[in-house]
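# What the coordinates show
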Amino acid sequence: MAVGRAATLGSGLFVTMGKVTGEVGSLVVISCIVSAIACLLSALCYVELSTRVPAAGSAYTYSYMTLGELIGWLIGWNMTIETTVGASATARACAAHIESISHYFISNLPADWATYKLVDQSIELSPIAVLIIVICTLIILKGVKTSARLVLALMIINVGVVVFFIVVGALYVNVDNWRINAPNEHNITKDIRSYVSSSAPLFFAFIGFDHISTLASEANEPSRSMPKGIMGTLGVATILYLGVSIVLSGMTTPKQKSNCKTIYVPLASAFCENGANWANMIVTIGALFPLLTAALCCLLCQPRIYFQMAKDGLFFSNFGAIDSQTYT
């Protein structure tokens, strides 16, 4: 469950939530509910399949067992892309956080001092994000026990940061902000279109419970622990996402241009816009931990997919070998 919560409370909550709230305002609360319902249906499928096929590989293993090698092979590579993009996105968001924190100590730094733009500024390269991926990879190479303990410790910090934002942010809520973009009975078609369009990125933000089924081979009793972990992760994530969406939409005005240097950290920018610079700094620094944990979880799951594909003969056999000392 720690892995699922850690993967869910990453860039989706600290970055995507802020961007969606800035576009649709108070409608983000309903969008969260829509996304949670969609994720619930998906989670129930994972629960059923994880009890019937308690093996590593998640959706790859399920599709391989039910639909054959070709579909399994395609799903396996799709999951590889998912974990790669997920780790890259969270590492890049973490690098933006580090850039924001640096402005507290060196005020005359450019907003994107650690980002290099290439090919006529159409491509951005962040050395900090690359370094984060390398560090996470080295941690994983130490073994799953070391990674699991670190994930558990960071997950506790993650929940603390989110609870801090909800509790302290509630003190700066302006009720009038909830009335902006509120559901309108005379324009219900436009509202429904807004719910659906803003629910799509939030659905991506919710994704994280599928990482639990990827690590099924690490569990002592996967047929029992997998359902508890998946549903528990989704339940906690839904409560925290709703809490953040309610508070954040009450703290900020939709489509308002921010002059804060933490514009890449929407949750921290909300405090900055309300003059709570002390809380702004706490959230900015605290948000590093959820993003680091999410990147670590994505990279932790990726080798398990390769391992299972290698065991099934759909990938190079070397990836099916296990180190005798670290069991990685």
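Provided above is the structure to which this section pertains.
Position numbers for residues count from 1 along each chain, tracking the sequence in the order it is written. At least 70 in pLDDT is required for a residue's local features to be given in this predicted model, at least 80 for side-chain atom pairs to be given and counted, and no such filter applies to totals for whole chains, interfaces and linings, which use all residues. Values shown for side chains rest on all heavy atoms present in the structure; no hydrogens or waters enter the calculation.

### Focus: the overall build of the protein chain
Rules: The helix count covers DSSP runs of H or I at least four residues long, the strand count covers runs of E at least two residues long, and both are numbered beginning at the N terminus. Exposure classes here rest on a 1.4 Å probe applied to the protein chains alone. A residue is buried below 20% of its type maximum, exposed above 50%, and partly exposed in between. Contacts between residues were defined by any pair of non-hydrogen atoms, one from each residue, lying within 4.5 Å. Only the protein chains shown count as covering a residue, and every accessible area follows the Shrake-Rupley method with a 1.4 Å probe.
Across its full length, the protein chain holds 14 helices and two strands. Out of the 328 residues in the protein chain, the part that is buried amounts to 49%. The long-range share in the protein chain, meaning contacts at least 24 apart out of those at least 6 apart in sequence, stands at 75%. Summing over all exposed atoms, the protein chain offers an accessible surface of approximately 15800 Å²; the carbon and sulfur share of this is 66%.

### Thoughts on a nonpolar patch on the surface
In plain terms, the rule: For patch detection, residues must exceed 30% relative accessible area and be free of salt bridges, and they are connected within 9 Å for like charges or within 5 Å for nonpolar side chains (Val, Leu, Ile, Met, Phe, Trp, Tyr). Salt bridge, as applied in this entry: a Lys or Arg side-chain nitrogen positioned within 4 Å of an Asp or Glu carboxyl oxygen.
On the surface, a cluster of nonpolar side chains totalling about 910 Å² of accessible area is made up of Y116, L118, I123, L125, V130, L131, V134, I135, L138 and L141. If you list the elements that add at least two residues to the nonpolar patch, you get strand 1 (116-118), strand 2 (123-125) and helix 6 (127-141). Note on placement: L138 falls in helix 6.

### So, the packing of aromatic side chains
This is how it is decided: Aromatic rings from Phe, Tyr and Trp, with only the six-membered ring used for Trp, were paired whenever their centres fell within 6.5 Å, and each pair was classed as stacked if the ring planes differed by under 30 degrees, edge-to-face if by over 60, and tilted otherwise.
According to the stated counting rule, one finds eleven aromatic pairs in the structure shown. Taking 5.1 Å as the distance between ring centres and 20° as the angle between the ring planes, the aromatic pair formed by Y306 and F315 counts as stacked.

### Concerning the side chain of S58
Within the secondary structure, S58 is located in the loop between helix 3 (27-52) and helix 4 (59-67). A residue is classified by how much of its surface remains accessible, and S58, at 0% relative accessible area, is buried. The residues contacting S58, other than those within four sequence positions of it, are Y46, M79, D210, S213 and T214.

### Details of helix 4
Looking at helix 4, one finds that the buried residues are Y60, T61, Y62 and S63. Buried residues along helix 4 sit against helix 3, helix 5 (69-102), helix 10 (210-214) and helix 14 (288-311). At the exit of helix 4 stands G68, carrying a positive phi of roughly 105°.

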